[in-house]
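# Understanding the architecture of this molecule
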Amino acid sequence: MLGNKPIQRVGALVVIFISIVLLVGITFITQLYRNALDSTRSWVSNVVSTEVKQIDDVFRLYLANQTDSAGTIDERSLEHLFSIFSKNSILGPTGDCVFYRRDSLNRTEILASRFIEKSTLDYIVNTPQPFPHDTTKVRAFLAKDYRGSEVIFAHSYLRNIDVYFMAKVDIDQIRTPFYRASIFSWIVSIMVIVIGLFLFYFAIKPLIVQLRIEEERYRQLFMTIKSGVVVFQACKNGREFIIKDVNQSAEKIEKIEKGNVIGKKVSEVIPGIINFGLLKVFQRVYQTGESEYHPVSFYEENRLKGWRENYIYRLPHNEIVSVFDDVTEQKKYEFALQASNESLEELVYITSHDLQVPLISMAGYATELLETYKDKLDNNGVYCLKRLQTNAERMHKLVLSLLDISRLNTVKYPVENIDPTELVNNVLKDLSLVMEKKGVKFKINIMPHIQGDKVRMQGVFQNLIINSLNYGAKIITVGYEKKAFFVKDDGIGIPGDQLEKIFRPGERLKKVNTEGVGMGLTFCKKVIERHNGKIWATSGGENKGATIYFTISGREPNAET
């Protein structure tokens, strides 16, 4: 069924897209933070290097201006200089420049600091890194200070005055802006997701409602349709199929319960499907995607048997659907009707065959009476005997026509290659005297070969040509055009209201008396239909001739080969 899977997928795609954007944003912020961390390390290292150089320059200048011979700086002047440098706020709000010494017990004596009064600490920076005495190399480290806060620091040893110099920056000073940016990004992203989903839901809400209505409608149709419907899920790369859904009609037809078959293989539930040939159809439809019709066939297994007609389709999600009907009762009626028709045809054949003898006798006795007692009969007696003779002969022809039509189903000829031109020439040989007497001209156009019953097809051409002769034709043309054979004449034509009636048994044009009994075109129609073809008539109107067209699709459906 339809479901709301498309909506769920679109919603999932929206969430995934926003999540990806959010992830990219956080990744970008994280990378910026790392770059800022590296830049701060380099910056702190440069500050130490620069400050050390400046301190050396200041001390040299200070010593150069001293007049005493000692050439040293007194403690008070030294502390004053340290205080000036340590109060430098170039490193930001958490930055600090510290001057300190270490004694033999590894205690740290703070000489000057921006945040710490002169004091002694057990340590100033907790780091496993050794404190180098080489002032040419200054490196920045990540560690914790005396407060337990993470810092980036760099330090150097001032050899001339036996003092360490360190610059440090709290990590929070670097991290806080990025924390804020990340939190802001999360908040904005969540708001975008919520607002986006909210707008998305209300934008597609009518579609959701419509889809649910359609789903319910198709569900009702699926469950109440007279035909059985089974939905299959392909497995094993389309070699086997699992029953996914079954409607009520399918349960009734196949005598199964939905709850007992869902999730089972079709070959387990309906084992006869393999011999029935339907499993191969499933496999082809799954592979090609082309729907197939499995014609009415007899299905049999231990549990049930009957006639089934199947239509198999593939859904967009590669599910296979079988729509089928149980036509067992219909086939029973067809078999009964066929048996009845065969009995009726046999009766017609026997009756028609047996009627020939009395009809021939009647015509013979009428002729005998006319020849023997002609002089003794008055005009009314002669007229009655002639009418009796004519009607008996006409009835005999009608019986022969009925026999020909009944033989269409009782007598069968092999299907063979037919040259229509040859058949028409055979008919012309039989009718040559009649045509010569009536002064009829005949023309045969090129016609393609066909497959069919040669004897009956010659009868078709013969009846159509005789029909043209009976209705005043002087020029008759037989040929093939626009995928149809035709017999065309210039006779009296056919009224528009009789173009279809002329193929009915016993129908003739009333304004012309002919020797026919009105069964010739009926015979032609029966033969053409047995060749899966069609026959029809056209006419330009009164005295403008008529044309009989017919098509041939191939061999007779019931012919023996």
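Conventions adopted
Residues numbered from 1 in each chain as written. Predicted model: local features only at pLDDT ≥ 70, side-chain atom pairs only at ≥ 80, totals over all residues. Heavy atoms only, no water. Buried < 20%, exposed > 50% of the residue type's maximum accessible area, 1.4 Å probe, protein only. Helix = DSSP H or I, 4+ residues; strand = E, 2+ residues; numbered from the N terminus. Pairing = 2+ DSSP bridges. Axes fitted to C-alpha atoms, helices over the stretch in contact; angles between N-to-C directions. Phe/Tyr/Trp six-rings, centres within 6.5 Å; stacked < 30°, edge-to-face > 60°. Lys NZ or Arg CZ within 6 Å of the ring centre and 35° of its normal. Contact = heavy atoms within 4.5 Å. Left-handed = near helix turned anticlockwise from the far one by under 90°. Nonpolar A, V, L, I, M, F, W, Y, C, P; charged D, E, K, R; others polar. pLDDT = per-residue confidence, 0-100. Salt bridge = Lys/Arg side-chain N within 4 Å of Asp/Glu carboxyl O.

## Focus: the pairing of strand 7 (residues 163-170)
Look at any regular strand and the pattern is simple: side chains alternate between the two faces of the sheet. With eight of eight residues buried, strand 7 lies mostly within the body of the structure. By the alternation rule, side chains of strand 7 split into Val163, Phe165, Ala167 and Val169 and Tyr164, Met166, Lys168 and Asp170, which are all buried. The pairing of strand 1 (residues 96-102) with strand 7 spans five bridges and is antiparallel. The residue bridging Phe99 from the neighbouring strand is Phe165, located in strand 7. The sheet contact formed by strand 6 (residues 150-158) and strand 7 spans eight bridges and is antiparallel. Paired with Val151 across the strands is Asp170, a residue of strand 7.

## Focus on the sheet that holds strand 14 (residues 441-444)
An order of 14-16-17-19-18 is seen for the five strands of this open sheet, with the pairing classed as mixed. Two strands close off the open sheet at either side, each with one partner strand: strand 14 and strand 18 (535-539). For this sheet, the mean angle separating the axes of adjacent strands, direction not counted, is 15°. Bridge count for strand 16 (residues 475-481) against strand 17 (residues 484-489) is six bridges, and the pairing is antiparallel. Note on strand 17: the bridge partner recorded for Ile476 is Asp489.

## Concerning the packing of aromatic side chains
Overall, the coordinates contain 14 aromatic pairs when judged by the stated rule. On the basis of an interplanar angle of 20° and a centroid distance of 5.4 Å, the ring pair of Phe485 and Phe550 is categorised as stacked. Separated by 65 residues along the polypeptide, Phe485 in strand 17 and Phe550 in strand 19 (residues 546-550) bring together distant segments of the chain. In this pair, the class of Phe485 matches that of Phe550, namely buried. Aromatic side chains Phe486 and Tyr549 sit 6.1 Å apart centroid to centroid with 50° between the ring planes, which places their arrangement in the tilted category. Here the residue Phe486 occupies a position in strand 17, and Tyr549 occupies one in strand 19, the gap between them amounting to 63 residues. Tyr549 shares its class with Phe486; the two are buried. Cluster of aromatic residues (ring-pair linked, three or more members): Phe232, Phe241, Phe282 and Tyr286. Between the NZ or CZ atom of Lys331 and the centre of the ring of Trp307, over which it lies, the distance is 4.9 Å.

## A short note on the environment of Ile242
On the secondary structure map, Ile242 appears in strand 9 (residues 240-246). Judged by relative accessible area, Ile242 falls into the partly exposed class, the value being 21%. As a C-alpha pair, Ile242 and Gly263 span 21 residues in sequence and 5.7 Å in three-dimensional space. Once residues within four sequence positions are removed from consideration, Ile242 is found in contact with Val231, Phe232, Gln233, Cys235, Gly263, Lys264 and Lys265.

## Comments concerning the packing of helix 13 (residues 454-470) against helix 14 (residues 520-530)
Taken N-terminus to C-terminus, the directions of helix 13 and helix 14 make an angle of 145°; their axes are 9 Å apart at the nearest point. Seen along the crossing, helix 13 lies across helix 14 with a hand that is left-handed. On helix 14, the residues touching Arg456, Met457, Gly459, Val460, Asn463, Leu464 and Asn467 of helix 13 are Gly520, Leu521, Phe523, Cys524, Val527 and Ile528. Residue composition of the contact of helix 13 with helix 14, grouped by class: eight nonpolar, four polar and one charged.

## A look at the pairing of strand 19
For strand 19, the tally of buried residues reaches five of five residues, placing the bulk of the element in the interior. Because side chains alternate across strand 19, one face comprises the buried residues Ala546, Ile548 and Phe550, and the other comprises Thr547 and Tyr549, equally buried. When strand 17 meets strand 19, the two strands line up antiparallel, connected through five bridges. Residue pairing in the sheet places Phe486 in a bridge with Tyr549 of strand 19. Pairing of strand 18 with strand 19 involves five bridges; the strand directions are antiparallel. The partner of Ser539 across the bridge, within strand 19, is Ala546.

## With respect to the side chain of Ser249
Here Ser249 lies in helix 4 (residues 248-254). Discounting chain neighbours no more than four positions away, the residues touching Ser249 are Ile225, Lys226, Ser227 and Gly228.

## A few points about the confidence of the model for the protein chain
On average, residues of the protein chain carry a pLDDT of 78, and 80% of them reach 70 or more. The low-confidence segment residues 555-561 (pLDDT under 50) makes 22 contacts with residues lying over four places distant or belonging to another chain.

## Focus on the sheet that holds strand 4 (residues 125-126)
Sheet architecture is open: seven strands sit in the order 3-2-1-7-6-5-4, paired in antiparallel fashion. Each edge of the open sheet carries a strand with a single partner, namely strand 3 (119-121) and strand 4.

## Let's talk about the pattern of salt bridges
Going through the model one piece at a time under the given rule, you end up with 12 salt bridges. Of the charged contacts, one joins Asp170 and Arg147 as a salt bridge, the two residues approaching to 2.7 Å between their closest N and O atoms. Placement of the pair is Asp170 in strand 7 and Arg147 in the loop between strand 5 (140-145) and strand 6, with a sequence separation of 23 residues. With a relative accessible area of 9%, Asp170 lands in the buried category.

## Quick notes on helix 14
When we look at burial in helix 14, the residues that qualify are Leu521, Thr522, Phe523, Cys524, Val527, Ile528 and Arg530. Just beyond helix 14, the residue with positive phi is Asn532, at close to 60°.

## Some points on the environment of Val427
Mapped onto the secondary structure, Val427 falls in helix 11 (residues 420-430). Look at Val427 and you get buried, because its relative accessible area is 0%. Linking Val427 and Ile466, residues 39 residues apart in sequence, is a C-alpha distance of 9.4 Å. Non-local contacts of Val427, meaning those with residues more than four positions away in its chain, are made with Gln458, Phe461, Gln462 and Ile465.

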